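Examining the three-dimensional arrangement
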Amino acid sequence: MDGIVQLQRQLVDYNASLFHEGFLDDQFNQLQQLQDESNPDFVVEVVTLFFEDADRLLNELTKALGQPSIDFKRLDAHVHQLKGSSSSIGAQRVHRVCISFRNSCEEQNVEGCLKNLQQVKHEYSLVKSKLETLFRMEQQVLAAGGSVSR
Amino acid sequence: MAAAGNLLSTEMGAGKLHVLAVDDSHVDRKVIERLLKISSCKVTVVESGSRALQYLGLDGDKSSIGFDGVKVNLIMTDYSMPGMTGYELLKRIKESSVFREIPVVVMSSENILTRIDSCLEEGAEEFLLKPVKLSDVKRVTDFIMRGEGKNGTRSLKRSRSDDCTPSLTAAFTSVSHPRDLSSSPPPSIFHSKKSRSSID
């Protein structure tokens, strides 16, 4: 019994830390509220879609910035998509970097774009790792017979 | 206790609102679908304006006269989509004699006043800022349900053609939260046809 309680406490603390540290914002909370017994995997499913989207878009962005002549419109379109999906899941830091990134695109600032790309890759890998940890901890609680309360 | 609200919902019968949601983002499609299902709607989700038109039977292949198939009570569309934007989709729907009465709500992550105005001018019911929340969806669907139920027909139809929207204005102002548009974290801003009627 102690084991479950401890796991649950760790989960609650970890969850809270992601918000305190600004990795996640209220939108993630909104998504958690949409999960219930009839849709127990909703958050994981949405976040998985976000990971797929982000992987694809970061790939496209890297390619686009590697071209001899940079198509800023196309670049901006990709960043806009990434900005949208990160906002939709509450990945606050990724979202914020995307806003700067769009400004760099608008200014046609190559240096700025390259820097923003590095930043967004960094923030994305951080939040991805944290979310994967969060989901793993939830699975541990569930496996131990506990419940993941919202 | 059969209050007016309950009567209206039962007037709709077993029928829930059927909402057609249009968004090119996979993430957003998943979220809006869930939001709508939680709000007790039947949902069809498509990924583009052209798919939406196809679904409605408006893709020019067949005449829409006598097209019996799809009954959609509300369309919620993203604004920025490749190919056909939400604005262009809105225009096509409002140009259709069969479908122009369907309320259309436009969603966008960008709070651009000219964009909002042009959508409202073109006949959008509302403009929602993304990320869309459950409270936004519930408010919209509740409103549509009341509008649908009231006279058994779409009372929105009459209000729009009269271009006199005091009832809509009242409904919107009673639920909208006045927000300072210049404040940085974008809350869900509720733009209604009230602004449109004041332009006219």
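Criteria and cut-off values
Residues numbered from 1 in each chain as written. Chains lettered and ligands numbered in written order. Predicted model: local features only at pLDDT ≥ 70, side-chain atom pairs only at ≥ 80, totals over all residues. Heavy atoms only, no water. Helix = DSSP H or I, 4+ residues; strand = E, 2+ residues; numbered from the N terminus. Expected span 1.5 Å × (residues − 1). Buried < 20%, exposed > 50% of the residue type's maximum accessible area, 1.4 Å probe, protein only. Arc of directions from axis to C-beta. Contact = heavy atoms within 4.5 Å. Buried area = accessible area lost by both parts, 1.4 Å probe. Salt bridge = Lys/Arg side-chain N within 4 Å of Asp/Glu carboxyl O. UniProt positions renumbered as here; feature names shortened; annotations may be inferred. 1 Å grid on protein atoms, 1.4 Å probe; cavity = no way out; pocket = protein on both sides within 12 Å on 5 of 7 lines; lining within 4 Å. Points joined across faces, edges and corners; volume = space filled by probe spheres on them. Nonpolar A, V, L, I, M, F, W, Y, C, P; charged D, E, K, R; others polar.

The subject of this paragraph is helix 1 (residues 2-20) of chain A. All names here are of chain A. Between its terminal C-alpha atoms helix 1 stretches 27 Å, which fits the 27 Å expected from 19 residues at 1.5 Å a residue. For helix 1, the complete set of buried residues consists of Ile4, Leu11, Tyr14, Asn15, Ser17 and Leu18. Buried residues of helix 1, viewed axially, fall in a sector of 160°; they line one side. Turned more than 90 degrees from where helix 1 packs its buried face, Asp2, Arg9, Val12 and His20 sit exposed. Its buried side turned inward, helix 1 meets helix 2 (26-33) and helix 6 (110-143).

Counting residues at the interface gives 16 residues for chain B, matched by 22 residues for chain A. When chain B packs against chain A, the two sides together hide about 1500 Å² of surface, and 59% of this comes from carbon and sulfur. Three residues, Val27, Lys30 and Arg34 of chain B, lead the burial of chain B against chain A; their summed loss comes to 39% of the area buried on that side. Between chain B and chain A we count 3 salt bridges in total.

If you check UniProt for "modified residue: Phosphohistidine" (unreviewed entry), the listed places come out as His80 of chain A in our numbering. Mapped onto the elements, His80 of chain A comes out in helix 4 (residues 72-89). Those residues in contact with His80 of chain A, other than ones at most four positions away along the chain, are Arg102 of chain A together with Ser80, Ser109 and Glu110 of chain B.

The next subject is unusual backbone geometry. In the segment running from Lys130 of chain B into Pro131 of chain B, the intervening peptide bond is cis, with an omega of 0°. Tracing the backbone shows Pro131 of chain B in the loop between strand 5 (126-129) and helix 6 (134-150). You will see that Gln108 of chain A, though not glycine, has its phi angle at about 55°, which is positive. By the secondary structure assignment, Gln108 of chain A is in the loop between helix 5 (92-106) and helix 6.

Scanning all chains against the criterion turns up 15 salt bridges over all chains. Lys37 of chain B is the salt-bridge partner of Glu33 of chain B, the closest N and O atoms lying 3.5 Å from each other. Highlighted residues: Glu33 of chain B and Lys37 of chain B, both in helix 2 (residues 26-38), separated by 4 residues, approximately one helical turn. We note a salt bridge from Lys130 of chain B to Asp78 of chain B, for which the minimum N-O separation is 3.2 Å. Here Asp78 of chain B lies in strand 3 (residues 74-78) and Lys130 of chain B lies in the loop between strand 5 and helix 6, a separation of 52 residues in the sequence. The network of salt bridges with common partners includes Asp76 and Arg102 of chain A together with Glu110 and Arg115 of chain B.

What follows concerns the side chain of Arg34 of chain B. Among the structural elements, Arg34 of chain B can be located in helix 2. Looking at Arg34 of chain B, the relative accessible area reads 9%, which means it is buried.

Enumeration according to the criterion identifies 2 cavities of 30 Å³ or more in this entry. Here the largest cavity is characterised by a volume of approximately 90 Å³. In terms of lining residues, the largest cavity is bounded by Gln27 and Ser88 of chain A together with Asp23, Asp28, Val31, Ile32, Leu35, Met107, Lys130, Pro131 and Val132 of chain B. Per-element tally for the lining of the largest cavity: the top contributor is helix 2 of chain B, with 4 residues. Of the pockets and cavities examined, the second largest cavity occupies roughly 30 Å³. Lining the second largest cavity are Gln27, Gln30, Leu31 and Leu34 of chain A together with Val31, Leu35, Val132, Lys133 and Leu134 of chain B. A total of 3 residues in the lining of the second largest cavity trace back to one element, the largest contributor, which is helix 2 of chain A. Among the residues making up the lining of the second largest cavity, the classes are represented as 6 nonpolar, 2 polar and 1 charged.

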